[in-house]
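What follows is the residue order along each chain.
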Amino acid sequence: MKVVVLGGGPGGYVAAIRAAQLGAEVTLIEKKALGGTCLNVGCIPTKVLLHTTEFYTALKRESAEIGLEVPQIAVDWKKLQKRKDKIVRMNAGGIDSLLKKNKVTKIIGTGRFTGIHELEVSGADGSIQIIGFDRAIVATGSEPSRVPIPGTELSAVITSDEALSLPEVPESLCIIGGGVIGCEFASIYSSLGCRVTIIEMLPELIAAMDRDIVSCLRKEFAAAGVDVHTETRVERIEQTPTGGLSIKAVSPSGPITVKAEKVLLSIGRHPKTSGLGLEKLGVSMKKGAIEVDRSMRTAVPSIYAIGDCVGGIMLAHVASAEGIVAAEHIMGEPSPVDFRTVPSCVYTRPELASVGLTEEDAREQGLEVKTGSFPLQANGKSMIMGETNGLVKYVTDARSGEILGLHIAGPRATDMIAQGALALRLEATLDEIETTVHAHPTVSEALLEAALAVHHRAIHSH
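Nothing here was measured: the structure is a model prediction, and the numbers come from that model.

What about the overall build of the protein chain?
Secondary structure summary: the protein chain contains 13 helices and 25 strands in total. Its C-alpha atoms give the protein chain a radius of gyration of 24 Å, near enough to 23 Å, the size a compact globule of 462 residues would have. For the protein chain, the C-alpha atoms occupy an extent of roughly 65 × 65 × 45 Å along the three principal directions. When the 462 residues of the protein chain are sorted by exposure, 52% land in the buried category. Residue pairs at least 24 apart in sequence account for 62% of intrachain contacts in the protein chain once pairs closer than 6 positions are excluded. A total accessible area of about 21600 Å² is found for the protein chain, and carbon and sulfur atoms account for 52% of it. The positive charge centre, built from 47 side chains, and the negative charge centre, built from 54, are 5 Å apart in the protein chain.

What follows is the structure, encoded as structure tokens:
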């Protein structure tokens with residue numbers, strides 16, 4: 001079986017490796033760099049910056065309290081950028097080694113479908129290759145969205161791609177969009193002394209997450225001096241005589257003007273599917289996204305699609321899971337993904353993590369629910385770490401005790417959420433959590449206490 005994978009991001013390279021493991025002859029075509037958005041201008045580089053700024057903030061705020069004498073501390077932005085680039089290169093090299101180990105042929109070039117079993121690949125040097133295949137997997141990802149707001153064409157208006165590699169930290173930054181990406185950059189730049197303003201059209205930041213854990217982030221932003229304007233619409237961006245930008249917006253209380261050195265557009269991403277030649281082959285599209293079935297197969301049986309280019313949940317770990325589904329279906333070993341178990345993570349301080357239904361979603365579905373929360377102020381390990389701004393919250397079925405959702409704000413939230421994902425996958429009840437011994441002292445003890453709190457039985461809660 002000859003399989004071609006178009007795109008080397010977290011969906012594409014995983015699909016290529018899995019197909020090769022199952023015996024396929026695999027060719028992977030990547031336009032720019034292995035790892036896609038996630039590795040090069042997304043998940044990995046942002047986390048490098050967040051890791052440093054987290055330590056920096058902790059030392060500034062808490063060094064004396066925890067017994068450290070730090071007479072002077074500063075962030076060397078250029079060295080931090082070098083470390084970020086080094087880690088990206090190391091990860092890209094790791095992917096390249098994995099492809100070679102699994103005998104996947106790699107081609108750097110731009111692919112375009114010329115038939116249901118044929119691709120044309122254009123190299124940067126002008127060369128053209130025609131590659132035949134039995135099955136193809138499209139994994140072309142997504143790109144930052146732009147909105148028709150007057151002024152977004154100005155050079156000081158940037159996307160998340162440019163925000164990762166600015167030559168220096170700006171004095172002020174206005175972020176349009178209060179989703180995951182916007183909040184992570186607000187956390188990074190506010191920690192470095194930049195005056196940050198967030199403008200969000202919706203009533204709350206990170207709208208898909210439970211309100212109780214988002215409130216912990218709002219508290220941290222307030223302490224860091226981040227101005228947040230929700231239910232606010234940007235009308236235009238103008239250049240000022242002094243070289244900065246003036247952002248004109250309308251809030252519930254009336255017109256507002258925000259001054260900033262730079263504006264970061266962070267209003268989401270859209271599938272990257274143009275120029276692939278898919279429509280001519282009969283592949284169905286909806287709002288620029290490729291339509292697929294549960295096996296990730298398009299309307300053309302020989303062509304599959306995965307990851308951001310199919311719309312839906314635009315997360316790296318979802319793309320990887322879909323890549324495995326596609327590869328295994330092609331090779332006759334179907335394994336569908338349970339999308340109820342997909343966790344969402346925000347790597348701010350505090351970290352936010354969520355899986356399953358929020359309390360609001362569960363009640364809107366007409367479910368009878370019970371919730372239980374445990375504040376990290378009462379967790380010994382969180383006290384030791386100096387990170388008590390957080391909580392653990394369960395949403396459960398009132399009758400059966402089945403866990404419908406888990407929501408965490410605090411240190412290690414993005415690691416601990418795996419317990420919630422597994423609980424949902426196994427259709428676990430509170431009893432399974434309550435009868436599992438959790439190590440002490442750990443932040444994960446809060447998972448046990450919050451489960452006990454559903455029936456008002458938490459041991460360490462007042």
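Focus on the packing of helix H6 (residues 180–191) against helix H7 (residues 211–224)
Here H6 crosses H7 at 30°, and the two axes come no closer than 11 Å. Classed by the angle they form, the pair H6 and H7 counts as roughly parallel. Here the hand of the crossing between H6 and H7 comes out left-handed. Facing Cys183, Ala186, Ser187 and Ser190 of H6, the residues of H7 in contact are Leu217, Phe221 and Ala224. Looking at the contact of H6 with H7, its residues break down into five nonpolar, two polar and no charged.

Description of the pattern of salt bridges
A full pass over the atoms with the stated rule returns 21 salt bridges. A salt bridge links Asp338 to Arg340, with the nearest nitrogen and oxygen atoms 3.1 Å apart. On the basis of relative accessibility, which here comes to 39%, the residue Arg340 falls in the partly exposed class. A salt bridge links Arg363 to Glu359; its shortest N-O distance comes to 3.2 Å. Here the residue Arg363 and the residue Glu359 both occupy positions in helix H9 (residues 359–364), the gap between them amounting to four residues, near one helical turn. Residue classification places Arg363 among the partly exposed positions, given a relative accessible area of 44%.

What about the sheet that holds strand E3 (residues 105–108)?
Overall, parallel pairing links the five strands, which are arranged E3-E2-E1-E7-E20 in an open sheet. Each of the sheet's edge strands pairs with one partner strand only, and the pair in question is E3 and strand E20 (303–305). If you compare each strand with its neighbour and ignore which way they point, the axes differ by 20° on average. Across four bridges, strand E2 (residues 25–30) lies against E3 in parallel orientation. Residue pairing across strands places Glu30 opposite Ile108, the latter belonging to E3. Across the face of the sheet, helix H8 (residues 316–330) comes into contact with strand E1 (2–6), strand E7 (135–138) and E20 while running at roughly 175° to E7.

Regarding the side chain of Asn389
Structurally, the position occupied by Asn389 is in the loop between helix H10 (380–385) and strand E24 (391–397). At 3.0 Å, the side chain of Asn389 and the backbone oxygen of Cys216 are in polar contact. In this view, Asn389 contacts Cys216, Lys219, Glu220, Pro350, Ala409 and Gly410; residues no more than four positions away in its chain are not counted.

Remarks on the sheet that holds E24
The strand order across the open sheet built from five strands is E21-E22-E25-E24-E23, with neighbouring strands paired in antiparallel fashion. Because the sheet does not close on itself, it has two edges, and the strands there are strand E21 (344–346) and strand E23 (369–375). Across the sheet, the mean angle separating the axes of adjacent strands is 10° when strand polarity is ignored. Along the sheet, helix H11 (residues 413–425) makes contact with E21, strand E22 (352–356), E24 and strand E25 (403–409), crossing E22 at roughly 5°.

Description of the environment of Thr152
By the element assignment, Thr152 lies in the loop between strand E8 (142–144) and strand E9 (157–158). Considered as a pair, Thr152 and Ser63 are 89 residues apart in the sequence and their alpha carbons are 41 Å apart. Dropping the residues within four chain positions of it, Thr152 is found in contact with Arg146, Val147, Val157, Ile237 and Leu265.

A few points about the nonpolar core
Here is a general trend for soluble globular proteins: nonpolar side chains tend to be buried in one another's company. In this structure, Val26, Leu99, Phe113, Ile137 and Val138 are the most contacted members of the largest nonpolar core, which totals 48 residues. Those elements that place two or more of their residues in this core are E1, helix H1 (12–21), E2, helix H4 (77–101), strand E5 (118–122), E7, E20 and H8. No other element matches H1, which puts seven residues into this core. Ignoring sequence-local partners within four residues, the contact set of Val138 consists of Leu6, Phe113, Leu276, Leu278, Ile290, Ile303, Tyr304, Ala305, Ile306 and Cys309. Core analysis: the next-biggest nonpolar cluster, separate from the first, contains 35 residues, Leu50, Ile175, Ile206 and Ile213 among them.

So, the side chain of Thr53
Residue placement: Thr53 occurs in helix H3 (residues 43–62). Owing to a relative accessible area of 2%, Thr53 belongs among the buried residues under this scheme. A distance of 3.1 Å separates a polar atom in the side chain of Thr53 from the backbone oxygen of Leu50. Not counting chain neighbours up to four residues away, the residues in contact with Thr53 comprise Ile188, Ser191 and Leu192.

What to know about the state of the cysteines
Per the stated rule, a full pass over the model turns up zero disulfides. Here Cys345 stays unpaired: no disulfide links it, and the sulfur of Cys43, its closest cysteine neighbor, is 10 Å away. Exposure remark for Cys345: the relative accessible area of 16% places this residue in the buried category.

Basis of the calculations
Residues numbered from 1 in each chain as written. Predicted model: local features only at pLDDT ≥ 70, side-chain atom pairs only at ≥ 80, totals over all residues. Heavy atoms only, no water. Helix = DSSP H or I, 4+ residues; strand = E, 2+ residues; numbered from the N terminus. Rg over C-alpha atoms; globule rule 2.2 N^0.38 Å. Buried < 20%, exposed > 50% of the residue type's maximum accessible area, 1.4 Å probe, protein only. Contact = heavy atoms within 4.5 Å. Areas by Shrake-Rupley, 256 points an atom, 1.4 Å probe, with all protein chains shown as cover. Lys, Arg positive; Asp, Glu negative; His and termini not counted. Charge placed at Lys NZ, Arg CZ, Asp CG, Glu CD. Axes fitted to C-alpha atoms, helices over the stretch in contact; angles between N-to-C directions. Parallel < 35°, antiparallel > 145°, perpendicular 65-115°, else oblique. Left-handed = near helix turned anticlockwise from the far one by under 90°. Nonpolar A, V, L, I, M, F, W, Y, C, P; charged D, E, K, R; others polar. Salt bridge = Lys/Arg side-chain N within 4 Å of Asp/Glu carboxyl O. Pairing = 2+ DSSP bridges. Polar contact = N/O pair within 3.5 Å; in protein donor to acceptor, adjacent residues only side chain to side chain. Core = buried A, V, L, I, M, F, W, Y, C linked by side-chain atoms within 4.5 Å. Disulfide = S-S within 2.5 Å.

All we've got here are geometric facts, nothing functional implied.
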